Structure formats: C-alpha cells, structure tokens
Protein chains: 2
Amino acid sequence: MKEPVKIGDVAKLAGVSSSSVSRALNPDRYASEELRARVAEAVAKLGYEPNAFAQSLRVQSSRTIGCMVSDVANPLYAEIIGAAEARLQEAGYLMVVANSQSGSRELDLLNMFRRRRMDGLLVTLDDDTREDVLAVLKDSGVPLVLLDRDINLSCDRVGVDHRQGAYAVVSYLLSLGHRSILLETPSHRVRPGRERIAGAEAAVRDAGLPPSVLKVSDHVDLSQPHVFSDVLQELARPSRPTAIVTLGTAMLAGTLSAIEANRLRIPEDISVVSIGDTTLAQFAAPGITALRWDLKQLGRTAAELLIERIEGRAGTYRTVTFPTELVLRRSCVPPAELQMGAK
Amino acid sequence: MKEPVKIGDVAKLAGVSSSSVSRALNPDRYASEELRARVAEAVAKLGYEPNAFAQSLRVQSSRTIGCMVSDVANPLYAEIIGAAEARLQEAGYLMVVANSQSGSRELDLLNMFRRRRMDGLLVTLDDDTREDVLAVLKDSGVPLVLLDRDINLSCDRVGVDHRQGAYAVVSYLLSLGHRSILLETPSHRVRPGRERIAGAEAAVRDAGLPPSVLKVSDHVDLSQPHVFSDVLQELARPSRPTAIVTLGTAMLAGTLSAIEANRLRIPEDISVVSIGDTTLAQFAAPGITALRWDLKQLGRTAAELLIERIEGRAGTYRTVTFPTELVLRRSCVPPAELQMGAK
DNA sequence: CTGTTAGCGCATTCAC
DNA sequence: GTGAATGCGCTAACAG
C-alpha cells in the first residue's frame, strides 16, 4: 500500500510548524500569503490529504450525512437519492446510503449512523409506527429530514401530496364511469399509503358513491411476484375491477404481468393508472396514465433543508409538500359495459 | 441536541477503567463475564455508542467503503449498488455512494474518499483513459474493485461479457435477415462500449458480411433526450436501420420515443433489442428482446471480492466475468422486405 | 484479568 | 503572523 502522509510531514518540508500548515489550509484563518504558497507547494509535492477522522474528532463534525431507505434500487428512491447526493456534494458533504431491507435493519443502521457521528440524516422508514425506531431517531441528536414519512418527531419533512394525487386519479376513473376500482399501494404503515387510501376514499365519497366502489389492497411486500399473485387473485373474482391503480415501480410490472396473464387488454378490458411516472409507465403498452411529481426537486429540497438545519440557518421546522399532476395516456377508457362501438 | 456519552462515562457508572470498558465491548479480548455484564448494563443505561472517529483514528480502519458511479439513478447501477451494499452490511461495513456526474467530479470524490480513509473502493469510471484519474486511483493505497471497467491497474474486477453478448445479439439479428443494424451504446471510452462494439463487429465479420452492415453510434451523454434526437436523425436517413440495439436504460426510452415519433411500428417496421433486461424492456410495447445478466449477483460479488481483499484473504487479483443470455420477446422479426403475408 | 499510560492526526487555545 | 502545548475519544502496550 502507501505511506500515509500527515500534517507533520508537510510542516517539515515547508519548514514551518504543523499549526501553520493547519491554518494555511483553512481559508478563514490568519496566514500570510507567503506561508500559504509554501504550504500549498509542500502539500502538492507530498500529495497530502488531511485525515478526516482526526479532523472530525477535533471539530466534532463529520461532514457526512446518512441516508436510509428501504431499497436503493427502487427507481422512485434512486432518483431522489441521486439528486440529494448531488446537492450535498456541492455543499461539501458525503452521503452514506444504506438499505434497511424493508425495515429489518433500521435499528442497526441508525446506530451505525450514530457511531459515525453523522451530521444529519435523510430517512424514509418502512413503518411509521414502530416505537423503537422512533425512540432511536428521537434522541439521535442530529438534524433529520424525513422523506415522505409522517411520524411524531420534531424535524423537517419533504413529501408528496399523495392524498390530492389519489383523489385526482380516482375522481378521473369515476368520471369515466368506473365503479370497481382496485388500489394497489404500500400499506397504511407509511404515510404515502395512508394518504393515498384517504384520498381515494374521499374521491368516492365526494362522488356520492358507496365505499364498495373502491377496493384497497395494501402491501408490505412491494415486489413484482408478490403483487403479481395478488392482482391475479383480484382478477379472478367474479366482480373483477375495471380499473387498477398501482405504484409505478415493480408493483406496476407485477400488475401488468397479471393482466397479461389473464389475457386482458389495456384499456379495452381494464384501465390502469400508475402512481409515479416511471419510464415503465411511459413505455408500457399502451402508455400508462400516470401521476407525476418531481423526484429530483424533492431530493434536492431534502438535501437543502438538511444543510440549512445543520448549518444553523434554519428556524422552525418546515414541511415541503410537492404537488402531483395527472399525465393522461392511453391506458384509461370507460369500463367495457359503457363502451360503444366496435368489439 | 443530546449529550454525547463517552467511554469514560460508562466506565464511571460501571466502576471500572475505560480500558476495561473497551475490552468488554470487544468480543475477542480478555474480560471476565462479570465485567462484561456490568459494562453491558452501563452501556444500555447510558445508550452509549462508541465514537467511530476515535476508533478509526486509533485502529486505522474506517469500516467504510466508497462507491463511485456516474449516476446512482441509472437502474443498471442502482441494482448493483443495492446488492453490494447488502453484502457489505452483513460484513459490518457502511457504504458511501457518490455520483461522479458523468465523470466531472471523479477527482474530487476520490480525494474525499482518501481523506476519509475508506477501507476499500467500488468504482466505475466514466472514462477508462483519463490518466489523472488513473494516477489518483493507483496510489490511493486501498483495495479497489472495478465495476465493468478495464484500466491498467492491479485490482480485482467484476464485469459482464459484453463482447459475447453483443455478438449474440447481432448474430441473431443477422440471422433474421437484417443488413442495416444500428448500435446505440456508451462510448469506447469505457469497457462496455468497447467490448460491445468489438463483439458486434465480430458477428458481422464472422457472417461474412461487410462492416457497413453495422452502424455504431456511441454516446457520452446517455440521457433520454440526447438519444432521442440521435435516433430520430438515424431514422431520417434514406437507408434507415431495420434494427436497433440499445442500452435498456434511458437510452431505450429515448429510442422508443424516436421510433414512435416516426410512426414506425415494432417489430413490423423496425426490430429492437435491449442490452440489459430492465422492466422497461419487459413491458414496453411489444416486449423487447433483451440481453440479460445478473446484476444482483454482480453487485454481491464485487462486495465479496472487496471484503476478502481488505481482510487479507485474497491472493492474486481476480476478474469475475458474468455471462449474458438473450431473452427473446416480440420485438424482433425479419426486416420488412423479407416479411411475407399481410401488409 | 484489570488499571495506567501513551498516542492515533489534527485544530485550537495561548504566548510570543 | 507564527510556534508550542493541549486534548478530541478511543485502543493497545505495558505493568501489576
């Protein structure tokens, strides 16, 4: 391997004390121009990089933030993380990212973060109601930004207006004449699930229709095979849904497979709406009407709030909620019994 | 915030010295059962978490590995990263992930990693040929696993057999009768690009056909809009391709958009193959024939190689290459002029 | 088996 | 403006 060059080596080469090197390297501290120049030269020659541990130990700040999500590979998260990381980089922070494996590792990970004295946390829990996780989070002692979660904690939040979004989606389907709608969503254990369900139910209510119009199937396991078998089952019922609303991730893939397996055609036999405008929704056959929101902006904002809080530039806790927009494609038409013309 | 409890506090409460606490907390070190018990109790009562900086400073190991990719949100990377992170977690490592923003930040990030004394690196460069980046990598002094890159460095590697894959894809298209194939791929600045191009060219050669059968369009910008306009242009030529091969990421999305914008039908008017079996390829209209490889296994293996190397259990440098498999779907048929029957 | 001492590499007092 | 001493929290020698 290599020799780790330390501040003393630089000092020796530059013919100054190590405190001078430290000062020369720190922009907002006294140091003559000449000293800075000599130090810079020595640093370059030696390829010196300060040891961040020693710095952190001294300064009590790691310039690292921890990010915990249930699954990094979920495209909805990946986009957010990418944008957040970019913003953090600009501000000189590094980001640690950790999969909580659908919640099972949340406690361990949070403790890991604590040991490393993360300056801040970007978190999306797998279950808003787990008291033990909440407790750890509460006395973690560092700024926290919640990603689309709603737990009883003093912290900043960014989220999506899923309620309004689901309301819009379901209203749209009702207006087309659908009276048997299946909503496939993550469970009410997390905010998006709860809000979505509430929004969908409100739409039915406001339309003066009975609750039975809406069937909610909420999942903890969001994987493609799991959703596949669930939708398959729903399609097998005598009163099968005429429209399905589902997340635009692997859940949409599972749903589309199940529809295909049943030899149903979209939209003639069944309408589909994707929650989240993924490339999958855009290019599926046919294009899937989707609820869109700005993932990049969300990630960036989360990072922004966190940075401001860490650097003491933030006041009262803020909640930024992003609106959604319904993108119409060809996957939705009135239910078969209302369709006129050919067939 | 909160009071940071340190080892001394635990020692005091347990009525022992801080070295005893340290020992009691470290499994492979002498300590009586009674001591361990008392310390454990004090730790629990105080909610003590050792300061990882102090530990790292002392032990000269961060138990953190740095991962740098051009874009975390690229589903092909996201999957790999997720799997690698899971394996690293098992081994007690945390993973820092950083976007190199298509290469522009590689140098900075590598230096950041060095400051933090990462125990190992998982890296995929944006350009295999940049000498400055290579130099930094070379004397980074820590174990490195290259993800599908091929640079002149002593390190472990995991990769995909893109050459064989591209060979298979192009051979297949040629066998269908295509004589004008467009390959959309990342540039020859990176291994996958080079290998792919070489494999495709070999397939043409081995079929005894002239090189002009294959048109390679290699990109540095892999974004959807960029590929869209490129493909649009290619489709506008008098001798437009009868088959397109493209990456299954945003590039595929861009390609499909361009085809759609041209009102061409897949596969009647044009055949399409996706390199990488993404959900997009699976559910596009119609299903896109795709080249598949095991991303999860690749990520996991990368982590594995790195861990073994860090822990001194590795000998000579290894290169693990994953095979590809062609998944046939409905997006490929003989070119229009060879099709019989209707139309 | 346990307590005492020292030092990991750096930033920061305090003198000069 | 710069150098000498001190300590961030921890683990590893060394004694006992």
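An unreviewed UniProt entry lists chain A under the name LacI family transcriptional regulator, from Noviherbaspirillum saxi.

Visitor: Which residues make up the side chain of E195 of chain B, and what are the values?
Guide: Residue and element names in this part refer to chain B. Mapped onto the secondary structure, E195 falls in helix 9 (residues 191-206). Under the relative-accessibility criterion, E195 is labelled buried at 16%. Look past the residues within four positions of E195 in its chain and what remains in contact with it is H162 and R163.

Visitor: Just give me the short version of the domain arrangement of chain A, but keep the residues and values in it.
Guide: Residue and element names in this part refer to chain A. Along its sequence, chain A is organised into domain 1 (7-50), domain 2 (64-160 + 295-320) and domain 3 (162-293 + 326-341). Inter-centroid distance (C-alpha atoms) of domain 2 to domain 3 is 29 Å. Here domain 2 and domain 3 share an interface that buries about 1,200 Å² over both sides, 55% of which is from carbon and sulfur atoms. It is L76, D148 and V160 in domain 2 that bury the most area against domain 3; as a group they hold 42% of the surface buried on that side. Linking domain 2 with domain 3 are four salt bridges, by the criterion used here. In this structure, D127 engages R189 in a salt bridge whose closest nitrogen and oxygen atoms are separated by 3.6 Å. Summed over the shared surface of domain 2 and domain 3, the number is nine residue pairs in polar contact (both at pLDDT 80 or more). The set of elements that each furnish at least two residues to the side of domain 2 that touches domain 3 consists of helix 5 (75-90), strand 5 (156-160) and helix 13 (295-310). Its residues assigned to classes, the side of domain 2 that touches domain 3 comprises six nonpolar, three polar and six charged.

Visitor: Quick rundown of the sheet that holds strand 6 (residues 181-186) of chain B? Include the residues and the values.
Guide: All names here are of chain B. Read from one edge of the open sheet, six strands run 7-6-8-9-10-12, paired in mixed fashion. Looking at the sheet topology across the chains shown, the edges are occupied by strand 7 (214-219) and strand 12 (325-327). The mean angle between the axes of side-by-side strands here comes to 20 degrees, regardless of whether they run parallel or antiparallel. Running over the sheet, helix 8 (residues 162-176) touches strand 6, strand 8 (243-247), strand 9 (271-275), strand 10 (289-292) and strand 12 and is turned about 160 degrees from strand 10. Here helix 10 (residues 224-236) sits on the sheet in contact with strand 6, strand 7 and strand 8, set at roughly 155 degrees to strand 7.

Visitor: Talk me through the relation of the copies chain B and chain A; I want residue IDs and the actual numbers.
Guide: Mapping chain B onto chain A leaves a residual RMSD of 0.1 Å; the transformation is a rotation of 180 degrees accompanied by 0.0 Å of translation along its axis. The operation mapping one copy onto its partner corresponds to a two-fold rotation axis. With an isologous cut-off of 70% or more, the 100% of interface residues of chain B that recur at the interface of chain A puts this contact in the isologous class.

Visitor: How would you summarise the protein's contact with DNA strand C if you had to cite specific residues and measurements?
Guide: The environment of DNA strand C is made up of 24 residues, and the closest members are I7, Y48 and R58 of chain A together with S19 and S20 of chain B. Each atom of DNA strand C within 4 Å of the protein was classed as base or backbone; sugar and phosphate made up 62%. The backbone of N51 of chain A places a nitrogen or oxygen atom 3.1 Å from a phosphate oxygen of DNA strand C. Residue R58 of chain B places a side-chain N or O atom 3.1 Å away from a base nitrogen belonging to DNA strand C. Looking at the surface near DNA strand C, the elements with two or more residues in it are helix 2 (18-25) and helix 4 (52-59) of chain A together with helix 2 (18-25) and helix 4 (52-59) of chain B. Across the surface near DNA strand C, the residue classes break down as nine nonpolar, nine polar and six charged.

Visitor: Any details on unusual backbone geometry? Residues and values, ideally.
Guide: Residue and element names in this part refer to chain A. Cis peptide bonds are those with omega within 30 degrees of zero, and the linkage from I266 to P267 qualifies with 0 degrees. For P267, the position within the fold is in the loop between helix 11 (250-261) and strand 9 (271-275). Positive phi is not limited to glycine here, since Q60 has a value of about 60 degrees. Along the chain, Q60 turns up in the loop between helix 4 and strand 1 (64-69).

Visitor: With reference to specific residues and values, describe the protein's contact with DNA strand D.
Guide: With respect to spatial proximity, 24 residues lie near DNA strand D, and among them S20 and S32 of chain A together with I7, Y48 and R58 of chain B are the closest. In the environment of DNA strand D, a base nitrogen lies 3.3 Å from a nitrogen or oxygen atom belonging to the side chain of S19 of chain A. Note that a phosphate oxygen of DNA strand D is positioned 3.0 Å from one of the side-chain N or O atoms of S22 of chain B. If you list the elements that add at least two residues to the surface near DNA strand D, you get helix 2 and helix 4 of chain A together with helix 2 and helix 4 of chain B.

Thresholds, definitions, all that
Residues numbered from 1 in each chain as written. Chains lettered and ligands numbered in written order. Predicted model: local features only at pLDDT ≥ 70, side-chain atom pairs only at ≥ 80, totals over all residues. Heavy atoms only, no water. Helix = DSSP H or I, 4+ residues; strand = E, 2+ residues; numbered from the N terminus. Buried < 20%, exposed > 50% of the residue type's maximum accessible area, 1.4 Å probe, protein only. Contact = heavy atoms within 4.5 Å. Domains from an automatic or database assignment. Buried area = accessible area lost by both parts, 1.4 Å probe. Salt bridge = Lys/Arg side-chain N within 4 Å of Asp/Glu carboxyl O. Polar contact = N/O pair within 3.5 Å; in protein donor to acceptor, adjacent residues only side chain to side chain. Nonpolar A, V, L, I, M, F, W, Y, C, P; charged D, E, K, R; others polar. Pairing = 2+ DSSP bridges. Axes fitted to C-alpha atoms, helices over the stretch in contact; angles between N-to-C directions. Least-squares fit on C-alpha atoms with pLDDT ≥ 70 in both. Near = heavy atom within 4 Å.

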